[in-house]
Amino acid sequence: MRKGAPIVDIAIYTLGCKVNQVETQAMERELLRRGHALVPFDGPADAYIVNTCTVTAVSDKKCRNILRRARKRAPGAVVAACGCYAQTDPDAVAALGVDLVSGSAGRLAFLDKLEELLRAKGGQVIHVDSALARRDFERLPAGGGAGRTRAMLKVEDGCTNFCTYCIIPYARGPVRSLPLAEAEAEAGRLAAEGYREVVLTGIEISSWGWDLEGGRSLIHLVEGVCAAAPGLRVRLGSLEPRTITEEFCRRAAALPNLCPHFHLSLQSGCDATLARMNRKYDTSRYHKSVELLRGYFPDPGITTDLIAGSPGESEEEFAQTLAFVERCAFTSIHVFPYSRRPGTPAADMPGQVPKEVKEARTRAAIALGAELEGRWLERQIGRTLPVLFEEEKDGLWQGHTPNYALVRTQGKDLHNRLLDVRITGRMGDALAGEPARPGSL
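These numbers were taken from a predicted model, which means no experiment stands behind them. (Residues numbered from 1 in each chain as written. Predicted model: local features only at pLDDT ≥ 70, side-chain atom pairs only at ≥ 80, totals over all residues. Heavy atoms only, no water.)

Where do I start with the packing of aromatic side chains in this structure?
Given two aromatic rings, one states the distance between the centres and the angle between the planes to describe the pair. Counted by the stated rule, this structure contains seven aromatic pairs. Here the aromatic rings of Y286 and F324 are separated by 5.9 Å at their centres, their planes lie at 70°, and the arrangement is edge-to-face. Here the residue Y286 occupies a position in helix 11 (residues 283–296), and F324 occupies one in helix 12 (residues 315–328), the gap between them amounting to 38 residues. Of the two residues, Y286 and F324, neither departs from the other in class, the shared state being buried. (Phe/Tyr/Trp six-rings, centres within 6.5 Å; stacked < 30°, edge-to-face > 60°. Helix = DSSP H or I, 4+ residues; strand = E, 2+ residues; numbered from the N terminus. Buried < 20%, exposed > 50% of the residue type's maximum accessible area, 1.4 Å probe, protein only.)

Hey, could you run me through the pattern of salt bridges in this one?
Pairing between side chains of opposite charge can happen when their charged atoms approach one another. Summed over all chains, the structure comprises 34 salt bridges. Here E23 makes a salt bridge to R172, at a shortest N to O gap of 2.8 Å. With E23 in helix 1 (residues 18–33) and R172 in helix 6 (residues 168–172), the pair connects residues that are 149 residues apart, well separated along the chain. Each member of the pair, E23 as well as R172, carries the same accessibility label: buried. (Salt bridge = Lys/Arg side-chain N within 4 Å of Asp/Glu carboxyl O.)

What's the story with the packing of helix 12 against helix 13 (residues 355–380) in this structure? I'm lost.
Describing two packed helices takes the angle between their axes plus the distance from one axis to the other. Running from amino to carboxyl end, helix 12 crosses helix 13 at an angle of 15°, the nearest separation of the two axes being 10 Å. Accordingly, the angle class assigned to the pair helix 12 and helix 13 is roughly parallel. Every pair of crossing elements has a handedness; the one defined by helix 12 and helix 13 is right-handed. When helix 12 is examined against helix 13, the residues E315, F318, L322, V325 and E326 are found in contact with a partner set consisting of V357, R361, A364, A365, L368, L372 and R375. (Axes fitted to C-alpha atoms, helices over the stretch in contact; angles between N-to-C directions. Parallel < 35°, antiparallel > 145°, perpendicular 65-115°, else oblique. Left-handed = near helix turned anticlockwise from the far one by under 90°. Contact = heavy atoms within 4.5 Å.)

Help me understand helix 12, please; the structure alone is not making it clear to me.
An α-helical segment advances 3.6 residues per turn. Residues three or four places apart therefore align on the same side. Counted at 1.5 Å a residue, the expected span for helix 12 with its 14 residues is 20 Å, and the 20 Å between its end C-alpha atoms agrees. Restricting attention to buried positions, one finds in helix 12 the residues E317, F318, T321, F324, V325 and C328. Along the long axis of helix 12, the arc covered by the buried residues comes to 115°, so they all point the same way. When the buried face of helix 12 is taken as reference, the exposed residues oriented beyond 90 degrees from it are E315, E316 and R327. At the C-terminal side of helix 12, A329 shows a positive phi close to 55°. (Expected span 1.5 Å × (residues − 1). Arc of directions from axis to C-beta.)

Looking at this structure, how should I read the sheet that holds strand 6 (residues 125–126)?
For sheets, the rule is that strands pair by backbone hydrogen bonds, running either parallel or antiparallel. If you trace the six strands from one edge of the open sheet to the other, you get 2-1-3-4-5-6, paired in parallel fashion. The sheet terminates laterally at strand 2 (37–38) and strand 6, the two strands that pair on one side only. Examined bridge by bridge, strand 1 (residues 9–14) and strand 2 share two bridges and lie parallel to one another. Paired with D9 across the two strands is A37, which belongs to strand 2. (Pairing = 2+ DSSP bridges.)

Which parts of the structure should I look at to understand the environment of E138?
Checked against the element boundaries, E138 lands in the loop between strand 6 and strand 7 (150–157). Residues E138 and K412, spaced 274 residues apart in sequence, show a C-alpha to C-alpha distance of 40 Å. Residues within four places of E138 in sequence aside, it is in contact with A105, G106, R107 and L108. Only 3.2 Å separates the side chain of E138 from the backbone nitrogen of G106, close enough to count as a polar contact. There is a polar contact of 2.6 Å between the side chain of E138 and the backbone nitrogen of R107. (Polar contact = N/O pair within 3.5 Å; in protein donor to acceptor, adjacent residues only side chain to side chain.)

Sorry, what's going on with the sheet that holds strand 8 (residues 176–177) here?
Ordered in space as 8-7-9-10, the four strands form an open sheet in which the pairing is mixed. The sheet is open, and its two edges are formed by strand 8 and strand 10 (233–236), each paired on a single side. In the sheet, strand 9 (residues 197–202) pairs with strand 10 via four bridges, with the strands oriented parallel. Each residue of the ladder has a partner; that of V199, found in strand 10, is R235. Across the face of the sheet, helix 1 comes into contact with strand 7 and strand 9 while running at roughly 110° to strand 7.

Just checking my understanding: could you explain the nonpolar core for this structure?
Soluble globular proteins tend to bury their nonpolar side chains together. Core analysis: the biggest nonpolar cluster contains 55 residues, and L200, L221, V222, L236, F248 and Y286 have the highest contact counts within it. At six residues, helix 8 (residues 218–228) tops the list of elements feeding residues into this core. Beyond its immediate chain neighbours, meaning those up to four positions away, V222 contacts L200, L236, L255 and L258. With 22 residues, the next largest nonpolar core counts A11, A45, V93 and A94 among its residues. (Core = buried A, V, L, I, M, F, W, Y, C linked by side-chain atoms within 4.5 Å.)

Would you mind showing me how to read the environment of N51 here?
By the element assignment, N51 lies in strand 3 (residues 47–52). Separated by 30 residues in the primary sequence, N51 and Q21 place their C-alpha atoms 8.7 Å from one another. At 3.2 Å, the side chain of N51 and the backbone oxygen of N20 are in polar contact. A polar atom in the side chain of N51 sits 3.2 Å from the side chain of R107.

Shown next as structure tokens:
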């Protein structure tokens, strides 16, 4: 705790991606280290922190609603905002009566300023840097709160792809990487703390190492982390298709603790749409990545993102996308309607798709995704798979297989246990199972 800073109750609300979750967890650890208490966001607090997201217009709206709610609930409390929406539109955030507006970097300095405001008992501070000028990786402690089984290790920040629809490069800046030795040390520490799985995450982890000397790429990082913590399952965050090469797959398949679950960003299954998006691949290259993964890993989980109704997308192009999605046979799909982001090239493109058309295409893609997921889940029935159990919900324990199928089963005190489970059937979007060895659950 900084000298003179009061010990207070602080509530945090997080919107957005896994990177935001990692950064919130780091702030939580630091606040506890400084002697503060963490309390629920929907109750009384001396300070409210909202870690914001700006990936879509809906995200912006959610951020504004949460900030208004905090301000209304506790007029005398300090309300603070950080994250991507606060980075890209600090004036709009400040206009909501927010006392402290920071951006998507400098989390420890943000907490320093929060303590200063608590001590001063008044005033407004807006402190937002230029994201595009950033060159250094911000080191934050990995992990999470008590009782977690899976830790997220942030190994990269920033993106230089500049897809025409995306605001994130302007909110996060250029690529910065956590050095390999530090990533290995963090993985070893997480294993020593009792975690059973670590997720390597970042804004665009496929670009890990671009800013470091030595010519290393993501596979070097994956090999290093897997070797540094052989008792941890290692899972990868979202990947760009260019990452998946013959060499990557050959080396990755040799790692016994790497989870065969790969989230490959797609966005569209039509080459003309991909070109307008400024994506760095076509459907042929993308499908090659899918084939390589299925050639080197037995029944891997392959998930993706899809944008429905981007500018200029015709009905024929959307039909091509659905056909390509079925060809790839994804195990799960996250579908988003295109969201117009001021300041991006796509916002000014002709052929903006009407809202009702975007929503209809979104529903169609979600329906296809559910059908493909069902087929994949059915294929798991009868197999025996290792499951890392995470929590008890509605009287059943649940956890994930290495290829990221959700499994539910009866048992007792299974938290953070890794056990073999025989898959006996489906339970909606999850699998039902029983112990492979009687008495183990």
